[in-house]
Amino acid sequence: MTGLPRFPAPRTWPLDPAPALRAVQTTAPITRVQIWDGSTPWLVSGYDEVRTLLRDPRLSAAPEHPGYPHSTPSRFMQRLSFLTMDAPEHTRQRRFVAKPFSAKRVEAMRPRIHELVHDLIDRLLAGPKPADLLEAFALPVPCTVICHLLGVPYEDHEFFSTSAKALIDPRATHEEAMAARQGLVDYIDRLLTAKRTDPAEDMLSELANEQVATGNLTQHDATLIGMLMLLGGFDTTANTISLGVLALTEHRDQFEILRQLETPEEIDGAVEEILRYTAVPQGGRRRVALADIEIGDVVIRAGDGLILAGDLANRDASVVEDPDRLDLRRPAHRHVTFGHGPHQCLGMPLARLELQIALPALVRRIPTLRPAVAMDRIEFREPGTGVYGVKELPVTW
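Cut-offs and rules
Residues numbered from 1 in each chain as written. Predicted model: local features only at pLDDT ≥ 70, side-chain atom pairs only at ≥ 80, totals over all residues. Heavy atoms only, no water. Pairing = 2+ DSSP bridges. Helix = DSSP H or I, 4+ residues; strand = E, 2+ residues; numbered from the N terminus. Contact = heavy atoms within 4.5 Å. Axes fitted to C-alpha atoms, helices over the stretch in contact; angles between N-to-C directions. Expected span 1.5 Å × (residues − 1). Buried < 20%, exposed > 50% of the residue type's maximum accessible area, 1.4 Å probe, protein only. Salt bridge = Lys/Arg side-chain N within 4 Å of Asp/Glu carboxyl O. Parallel < 35°, antiparallel > 145°, perpendicular 65-115°, else oblique. Nonpolar A, V, L, I, M, F, W, Y, C, P; charged D, E, K, R; others polar. Phe/Tyr/Trp six-rings, centres within 6.5 Å; stacked < 30°, edge-to-face > 60°. Lys NZ or Arg CZ within 6 Å of the ring centre and 35° of its normal. Patch = residues over 30% accessible without salt bridge, like charges linked within 9 Å, V, L, I, M, F, W, Y side chains within 5 Å. Areas by Shrake-Rupley, 256 points an atom, 1.4 Å probe, with all protein chains shown as cover. Lys, Arg positive; Asp, Glu negative; His and termini not counted. Charge placed at Lys NZ, Arg CZ, Asp CG, Glu CD. Core = buried A, V, L, I, M, F, W, Y, C linked by side-chain atoms within 4.5 Å.

**Here's the deal with the sheet that holds strand β8 (residues 305-308)**
Now for step 1: Pairing in this open sheet of five strands is mixed, and the strands run β1-β2-β8-β5-β3 from one edge to the other. Each edge of the open sheet is held by one strand with a lone partner, namely β1 (30-32) and β3 (59-60).
Now for step 2: Against the sheet, helix α2 (residues 47-54) contacts β1, β2 (42-44), β3, β5 (285-289) and β8, and its axis sits at roughly 120 degrees relative to β8.

**A word on helix α14 (residues 264-278)**
Now for step 1: An ideal rise of 1.5 Å per residue puts 21 Å on 15 residues; α14 measures up with 21 Å between its terminal C-alpha atoms.
Now for step 2: Most of α14 is tucked away: eleven of the 15 residues are buried.
Now for step 3: For α14, the complete set of buried residues consists of Ile 267, Gly 269, Ala 270, Val 271, Glu 272, Glu 273, Ile 274, Leu 275, Arg 276, Tyr 277 and Thr 278.
Now for step 4: Where α14 is buried, its residues contact α12 (235-250), α13 (252-260) and α16 (348-365).
Now for step 5: The positive-phi residue at the C-terminal boundary of α14 is Ala 279, with phi of around 40 degrees.

**Side note on the pattern of salt bridges**
Now for step 1: Tallied over the entire structure, the rule returns 24 salt bridges.
Now for step 2: With a shortest N-O distance of 3.2 Å, Arg 171 and Glu 382 are connected by a salt bridge. Taken together, the residues Arg 171 in the loop between α8 (157-168) and α9 (174-197) and Glu 382 in the loop between β9 (370-371) and β10 (394-396) connect sequence positions 211 residues apart.
Now for step 3: Taking the shortest distance from any N to any O, the salt bridge between Asp 292 and Arg 301 comes out at 3.1 Å.
Now for step 4: For Asp 292, a relative accessible area of 40% corresponds to the partly exposed category.
Now for step 5: Residue classification places Arg 301 among the partly exposed residues on the basis of a relative accessible area of 46%.
Now for step 6: What emerges from the salt-bridge pattern is a single network uniting Asp 16, Arg 22, Arg 315 and Asp 324.

**Some thoughts on the packing of α14 against α16**
Now for step 1: Across the interface, α14 lies against α16 with an axial gap of 10 Å and an inter-helix angle of 100 degrees. By the angle class used here, α14 and α16 are roughly perpendicular. Touching Ile 267, Asp 268, Val 271, Glu 272, Ile 274 and Leu 275 of α14 are Arg 352, Leu 355, Gln 356, Leu 359, Pro 360 and Arg 364, all from α16.
Now for step 2: Tallied by class, residues from the contact of α14 with α16 come to seven nonpolar, one polar and four charged.

**A short note on the packing of aromatic side chains**
Now for step 1: Enumeration according to the criterion identifies three aromatic pairs in this entry.
Now for step 2: The ring centre of Phe 255 lies 4.1 Å from the NZ or CZ of Arg 252, which sits over that ring.
Now for step 3: The residue whose ring lies beneath Arg 315 is Tyr 277, and the NZ or CZ to ring-centre distance is 4.4 Å.

**Notes on the pairing of β5**
Now for step 1: Across the five residues that make up β5, a large majority, four, are buried.
Now for step 2: Sheet analysis places β3 next to β5, joined by two bridges and oriented antiparallel. Following the sheet pairing, Ser 60 is matched in β5 by Val 288.
Now for step 3: When β5 meets β8, the two strands line up antiparallel, connected through four bridges. Bridge pairing links Arg 286 to Ile 307 in β8.

**Digging into the side chain of Lys 195**
Now for step 1: On the secondary structure map, Lys 195 appears in helix α9.
Now for step 2: Residue contacts for Lys 195: discarding those within four places in its chain leaves Leu 150, Gly 151, Asp 202, Leu 204, Ser 205 and Asn 209.

**Examining the sheet that holds strand β4 (residues 131-132)**
Now for step 1: Spatial strand order, β4-β10-β9: three strands in an open sheet with antiparallel pairing. In this open sheet, the two strands that pair with only one neighbour each are β4 and β9.
Now for step 2: Bridge count between β9 and β10: two bridges; the pairing is antiparallel. Bridged to Arg 370 within β10 is Thr 396.

**Brief notes about unusual backbone geometry**
Now for step 1: Note that the residue after Phe 7, namely Pro 8, is joined by a cis bond; omega there is -5 degrees.
Now for step 2: Within the secondary structure, Pro 8 sits in the segment before α1 (19-27).
Now for step 3: Positive phi, normally seen in glycine, also occurs at Ala 279, with a value near 40 degrees.
Now for step 4: Its place among the elements puts Ala 279 in the loop between α14 and β5.
Now for step 5: Ala 279 gets classed as buried once you look at its relative accessible area, which sits at 3%.
Now for step 6: In this structure, Asp 322 is a non-glycine residue whose phi angle is positive, near 50 degrees.
Now for step 7: Inspection of the secondary structure assignment puts Asp 322 in the loop between α15 (310-313) and α16.

**Focus on a negative patch on the surface**
Now for step 1: The grouping of Glu 262, Glu 265, Glu 266 and Asp 268 at the surface amounts to a negative patch.
Now for step 2: Within the secondary structure layout, Glu 262 lies in the loop between α13 and α14.

**Quick notes on the nonpolar core**
Now for step 1: In this structure, Val 117, Phe 137, Phe 160, Met 229, Ile 241 and Leu 362 are the most contacted members of the largest nonpolar core, which totals 103 residues.
Now for step 2: Of the residues forming this core, the biggest block, eleven residues, is contributed by α16.
Now for step 3: With 17 residues, the next largest nonpolar core counts Leu 53, Ile 293, Ile 295 and Ile 300 among its residues.

Structure representation (structure tokens):
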């Protein structure tokens, strides 16, 4: 097909979805687009349509199916643990790591995260200006937390951060992405093996001694789960913090509102709006239809690929009033930044807690915080990386 919109499309205003795709959303919330390999999956950008299809068991998340719309030539999503599985195996494996993300266990981490956040702010204020907020604050917060939760040495964070970037790089070849992946697999495998004889109170120890040792999981499956938890545990939250700060400094009235919010309910609502507005998971959830699906006036055929675009759905004007406006006092919206349905992000409670602590603390303690360079000098990640964000965020105060 020719003349179809290209996906992904570049953004003209860094915090808003591409205008060309927004235009498509208003006329055809389910439409064909063309992606990097010339294939033409369905782009689903309507809020109701995205939520409906993310719950539909006739869609598969397994990249091995013909017609699956891979986001990059590297096809890095293949065999990425339960993230790329369907029920019942998806449900079974996900259950093994659900306990550390329960509301009770996440809430018990609040004092530790609070202390970490304020320690990082102390260091930021004592250091040079300008500073890179991504490296000095936004990345260390979730990275330190997920390392503690998993039982991964924080001093290795440069290795797995670099490996994660290489894995999702839209310019990487399949061989380059798989080399980065194998490095991470070998790293987690060694940690799991060590925790069989030297366990601690962490997720990898639980996987090694409660699941692998009992035969519930193979060592390989446990390794892939550990890798997925590590990759998913820091990059999205780090970039939500960075883009959230950037959005707040561009909207000083909202910056001041966040500084003045007092109740947990108000802060929770503000964080939900920042999650809706920034929506750093880009490129959409990728699926393939296992059967014909009729939705509205569109028939999706078995074997068709789909891209369920949460960042566009979050800006659907039919369900969100003035969706391009950041409004921290907006009634909390059921955004789809974390996905929806059976594959909804497992780490959602932890990410929310980190944001609820980090963002208010930062704006309260550094009320004059601002970018140190003009917006057009800030480097953003390329379309197609899977997680939108900045390469660095120079700030001063």
